Amino acid sequence: MSTAGSSPGSRLGTDPAGVPVQAAPVTVRTLQRMKREGRPITMLTAYDYPTARLLDQAGVDVLLVGDSLGMTVLGYESTVPVTLDDILHHTRPVARAARRALVVADLPFLTYQVSVEDALRSAGRLLAEGGAQAVKLEGGAAVVDTVRRLVEAGIPVMGHLGLTPQSVHALGGYRVQGRTEAAARQLLEDAQRLAEAGAFALVLEMVPRQLARRVTEAVPIPTIGIGAGPDCDGQVLILHDLLGLYAGKSPKFAKQYVDLSAAIRDAVGRFIDEVRTGAFPTDEHSFSMDDDVVEKLD
Ligand code: KIV
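Residues numbered from 1 in each chain as written. Predicted model: local features only at pLDDT ≥ 70, side-chain atom pairs only at ≥ 80, totals over all residues. Heavy atoms only, no water.

### Considerations on the overall build of the protein
Stage number 1. When its secondary structure is counted, the protein shows twelve helices and eight strands.
Stage number 2. Considering only C-alpha atoms, the protein reaches an extent of 85 × 45 × 35 Å along its principal axes.
Stage number 3. Counting every position in the protein, which comprises 298 residues, the buried fraction comes to 44%.
Stage number 4. The contacts in the protein between residues at least 6 apart in sequence include a share of 56% that link residues at least 24 apart.
Stage number 5. Summing over all exposed atoms, the protein offers an accessible surface of approximately 15,900 Å²; the carbon and sulfur share of this is 53%.
Stage number 6. Distance between charge centres in the protein, computed from 30 positive and 36 negative side chains, equals 10 Å. (Helix = DSSP H or I, 4+ residues; strand = E, 2+ residues; numbered from the N terminus. Buried < 20%, exposed > 50% of the residue type's maximum accessible area, 1.4 Å probe, protein only. Contact = heavy atoms within 4.5 Å. Areas by Shrake-Rupley, 256 points an atom, 1.4 Å probe, with all protein chains shown as cover. Lys, Arg positive; Asp, Glu negative; His and termini not counted. Charge placed at Lys NZ, Arg CZ, Asp CG, Glu CD.)

See the structure below:
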């Protein structure tokens, strides 16, 4: 590999022509090696081609086509109405964009809970038709057998414990999970059972940082936290929270790195003003033809 310089926004560096350098593709084994070597894993949600391409070029390790797309891009109140076709539709462009990052697609509500056969068919479609390299599903003991069967079928599975948004109605809202001794023990046991069933990584959402640390120490697979403190093996954020693009209220654990909503409102406002005042378009943005051709039109 060349002695790549690094450019702002690219953690992989660029070649002398400014083109981002292509590093080796991330696989499930890469993530497990990163845990062993104590190298933090980064994961972000992605739902379309141009953004996925930018995130991939910036060097994020995992692109998650999360069912959070129901709230971030489809305008639903929760992730519950998201369908397998929605996830497939958004996974295809993300998979086309990813050169290095591992692409993980969420199995939506009721595409894996009713039967193992459903789960196999749904997950199979996300890999075969969507181009995902792995799937993510929510839950503990109730999904252990399903995880085992998916893994046996050659489908890498990421688990998701703690706040599981598809169960928001059963949980009574988006609240921190695992705060009592019983709930913490249950979560630890679920994590161990998912790892034994073959899950390659675990998302821990909205759990106390002390519990996330215990889980991270207890399981051989990487934990990726969201609202789970700094001691997980990696961190995930919803891209729209990070970019300041989410129309609703972002949760306490989400860090906003830029205010793209303001930038977009400002740019669009300037376009509207310039069209109304005649400042846009100018010759710079127009095409012309020869005068003699124009005269012939008279
Ligand atoms: O759907 C999603 O974006 C997720 C993340 C919160 C991990 O599951």
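What follows picks up the thread again.
### Description of the site of the ligand
Stage number 1. Around the ligand, the neighbouring residues are Thr45, Leu64, Gly66, Asp67, Ser68, Asp106, Lys136, His160, Glu205 and Ile226.
Stage number 2. Contact distances for the ligand include 3.0 Å between an oxygen atom and a side-chain N or O atom of Asp67.
Stage number 3. Take Asp106: an N or O atom from its side chain is 3.1 Å from an oxygen atom of the ligand.
Stage number 4. Contact with the protein chains removes 97% of the 260 Å² of surface that the ligand exposes when unbound.
Stage number 5. Here the ligand occupies the second largest pocket.
Stage number 6. Within the shell around the ligand, the residues separate by chemical class into two nonpolar, four polar and four charged. (Near = heavy atom within 4 Å. Polar contact = N/O pair within 3.5 Å; in protein donor to acceptor, adjacent residues only side chain to side chain. 1 Å grid on protein atoms, 1.4 Å probe; cavity = no way out; pocket = protein on both sides within 12 Å on 5 of 7 lines; lining within 4 Å. Sits in = over half its atoms within 2 Å of the grid points. Nonpolar A, V, L, I, M, F, W, Y, C, P; charged D, E, K, R; others polar.)

### Points about the side chain of Asp233
Stage number 1. Mapped onto the elements of the fold, Asp233 is located in the loop between β7 (223-226) and β8 (234-237).
Stage number 2. By relative accessible area, Asp233 is classed as buried at 15%.
Stage number 3. Within the local environment of Asp233, its side chain forms a polar contact with the side chain of Lys35, the two groups lying 2.8 Å apart.

### Considerations on the confidence of the model for the protein
Stage number 1. For the protein, per-residue confidence averages 94 on the pLDDT scale, and 93% of positions sit at 70 or higher.
Stage number 2. Contacts of residues 1-8 to residues separated by more than four positions or lying in other chains number twelve contacts, the stretch itself having pLDDT below 50. (pLDDT = per-residue confidence, 0-100.)

### Notes on the sheet that holds strand β5 (residues 157-162)
Stage number 1. In spatial order, the strands read β1-β2-β3-β4-β5-β6-β7-β8; together these eight strands close into a barrel with parallel pairing. Strand after strand, the sheet turns through a mean of 25° between neighbouring axes, direction not considered.
Stage number 2. Of the strand pairs in this sheet, strand β6 (residues 201-205) and β7 are connected by four bridges, and their pairing is parallel. Counterpart to Leu202 in the pairing with β7 is Thr223. (Pairing = 2+ DSSP bridges. Axes fitted to C-alpha atoms, helices over the stretch in contact; angles between N-to-C directions.)

### A closer look at the layout of surface pockets
Stage number 1. Reported here for the largest pocket is a volume of approximately 800 Å³.
Stage number 2. Considering the residues around the largest pocket, the lining is formed by 31 residues, among which Thr42, Leu44, Val60, Leu242 and Tyr257 are closest to the centre.
Stage number 3. The set of elements that each furnish at least two residues to the lining of the largest pocket consists of β1 (41-45), α2 (49-58), β8 and α10 (239-242).
Stage number 4. When grouped by side-chain class, the residues that make up the lining of the largest pocket number 19 nonpolar, eight polar and four charged.
Stage number 5. Its volume calculated, the second largest pocket comes out at about 500 Å³.
Stage number 6. Forming the boundary of the second largest pocket are 26 residues, of which Ser68, Pro165, Glu205, Ile238 and Phe253 lie nearest the centre. (Points joined across faces, edges and corners; volume = space filled by probe spheres on them.)

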